[in-house]
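So the chains spell out like this:
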Amino acid sequence: MSAVGGWGQGEDEEEVVWQLARLLKTRAWLVGGRDDAAIEAVYRHRSALRELLAAVGCALVVEPDLVRVYNPAPPRSARLPQGNSVQGVWFWLTVAVLESLPVRVRLGQVAAAARAAAAEIELPVTQSRTELSAFAAGLRRLCVQGVLEELEGRVEALVDGEEDPPVLLKVHHTRLLHVLPRGVPADGRGQWAVDPAEDPAGWLAGLARPTDAGVRVCAMLADQAVVHTGDLDEDELRWLSDKGPTEGAALARSFGLELEHRLEGAAWVMPQETYEGRVAGRFRFPGRSRSQAGTVPHAALLLIDSFVAEGVRGGAGAPGHNWCGMPKSRVVGRLGELAQRHAWWNKDLRSDLPRLAEDVRGVLEPEADLLRVTGGFEEWWWLSPAAARWTVLSEQAPLPAQCGDVAKGVER
């Protein structure tokens, strides 16, 4: 599909709709001046897109210079990161102060206003490189969303530590309202009933989720690399078992995808003949070869092979009977063996194996949800059966049977 001129003209309408739907599930913001062709195509097909996106719990807003997709709240079983996100703190501080700033504003003015807001809530302002990088990342996110527009310079200039870098921004005030999530419970004064900074889990649990079990499951299938049956409630499990093979598969086809369903879970996957990595979803697993992966992704792929070949199947702490486990000490030891064989890996990571292990965990656990870690006397790492799909073994080599295969080709 084309991101510029003639979007979808002369093509099969059903194909254009699923192309647009996949684009919107990948990019929740389309803004005028940058995405005009895509916005025009969304406008032409807005009725079909609203119906299709509603089936996966999403709401679609179409304005002359903005398309915004509101995704449903994640499952209540979702694992939240521990601690506060520095990037998230500075992102929301920036959103809060932009409303009172003029349309054209210097980056230094935005930074000064955000720091003043931080002082009001007694948040220490260190201006360390970590803090400045987090601040700049939040600003970049607002630029991607079209709330901010760089007229002169780039927001990354903030990282250099200048008090007032030569960067001029434009604030699109009408788009600020679209930054806030929908369906947040409010108190009698119109304020959020739960402070996400004090109780993020409680705030997340309070968000409205689709009441229909089928919509909830399809929302997960559309957003996650793989849906594990152990994470579903009784109604969701019943729907996946009874209606998933028909209704779930039909909806997957409406997105140009295919449903793969196994005992351990299900996934919507990209047919090989239509695979397009740029618009295939939020999560894309690292490439299979050294040329496509750095140290950490390559180590993650090799570690998957080790789990498949050597891991303990099931057990008292396993999330499911087909998950493969290793104690963390064995994981670190295995990474040490691999580091000796791959001299091109990053020198610092090869000499700091616990750090390498945590970086690998960052690849496998948060976005991919292929790894679960359990505590106790010794920390155990449990790998989903779906992870057997990603391997650096030869394509012709049969995979060991102990960690069955759930999600064929879930590189989306």
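Please refer to the structure placed before this passage.
Not measured: the values here are computed from a predicted model. For every chain, the first residue of the written sequence is number 1, and numbering continues from 1 onward in sequence order. Local features are withheld for residues below a pLDDT of 70 in this predicted model, meaning they are given only at 70 or higher, and side-chain atom pairs are given and counted only at 80 or more; totals for whole chains, interfaces and linings count all residues. Side-chain metrics rest on all non-hydrogen atoms present in the structure, leaving aside hydrogens and water.

> Sorry if this is basic, but what is going on with the sheet that holds strand β1 (residues 29-31) here?
Backbone hydrogen bonds hold the strands of a sheet together, and the pairing may be parallel or antiparallel. Here we have 3 strands laid out as an open sheet, ordered β1-β3-β2, and antiparallel in their pairing. The outermost strands of the open sheet, each flanked by one partner alone, are β1 and β2 (59-63). On average, each strand axis in the sheet is tilted by 5° relative to the strand beside it, whichever way the strands run. A pair of strands is treated as paired once DSSP finds two or more bridges between them. Under the DSSP-based scheme used, a helix requires at least four consecutive residues in state H or I and a strand at least two consecutive residues in state E, with every element numbered from the N terminus. Summarising the sheet, β2 and strand β3 (residues 66-70) pair through 5 bridges and their orientation is antiparallel. Within the sheet, the bridge partner assigned to V61 lies in β3 and is R68. Axis definition: a line fitted to C-alpha atoms, over the contacting stretch in the case of helices. Angles run 0 to 180 degrees between N-to-C directions.

> When you look at the side chain of H342 in this model, what are you seeing that I'm missing?
Within the secondary structure layout, H342 lies in the loop between α12 (328-341) and α13 (347-350). Under the scheme applied here, a residue whose accessible area is under 20% of the maximum for its type counts as buried, over 50% as exposed, and between as partly exposed, the area being computed with a 1.4 Å probe on protein chains only. Taking the relative accessible area as the measure of exposure, H342 reaches 16% and is therefore buried. Any two residues having at least one pair of non-hydrogen atoms within 4.5 Å are treated as being in contact. If we skip the residues at most four places from it in the chain, H342 touches H298, L302 and R350.

> In this structure, what is going on with the packing of helix α9 (residues 234-242) against helix α10 (residues 244-254)? I would like to understand it.
Packed helix pairs are specified by the crossing angle of their axes together with the interaxial distance, meaning the distance between the axes. The interhelical angle for the contact between α9 and α10, taken along N-to-C directions, is 85°, at an axis separation of 5 Å. By the angle between their directions, the pair α9 and α10 is classed as roughly perpendicular. Contacts from W239, L240, S241 and D242 in α9 reach G244, P245, T246, E247 and G248 in α10. Just so you know how the angles are binned, under 35 degrees is roughly parallel, over 145 roughly antiparallel, 65 to 115 roughly perpendicular, and the rest oblique.

> I would appreciate a short explanation of the pairing of strand β8 (residues 258-262) in the present structure.
Looking at chain direction, β8 and strand β9 (residues 265-269) are connected through 5 bridges and run antiparallel. Looking at β9, one finds that R262 is bridged to G265.

> In this structure, what is going on with the side chain of N322? I would like to understand it.
Structurally, the position occupied by N322 is in the loop between β10 (312-313) and β11 (324-327). You can call N322 buried: its relative accessible area is 5%. For N322, the side chain forms a polar contact with the side chain of E264, separated by 2.3 Å. Polar contact is the term for a pair of N or O atoms within 3.5 Å; when the atoms are in protein, one must be able to donate a hydrogen and the other to accept it, and sequence-neighboring residues count only if both atoms are side-chain atoms. At a separation of 2.4 Å, a polar atom in the side chain of N322 contacts the side chain of R313.

> Teacher, can you tell me more about helix α4 (residues 86-98) here?
Since there are 3.6 residues in each turn of an α-helix, residues three or four apart along the chain are aligned in direction. What a helix should span is 1.5 Å times the count of its residues minus one. An ideal rise of 1.5 Å per residue puts 18 Å on 13 residues; α4 measures up with 19 Å between its terminal C-alpha atoms. Residues W90, F91, L93, T94, V95, V97 and L98 constitute the buried set of α4. Buried residues along α4 sit against α5 (107-120), α6 (129-144), β5 (148-152) and β6 (168-171).

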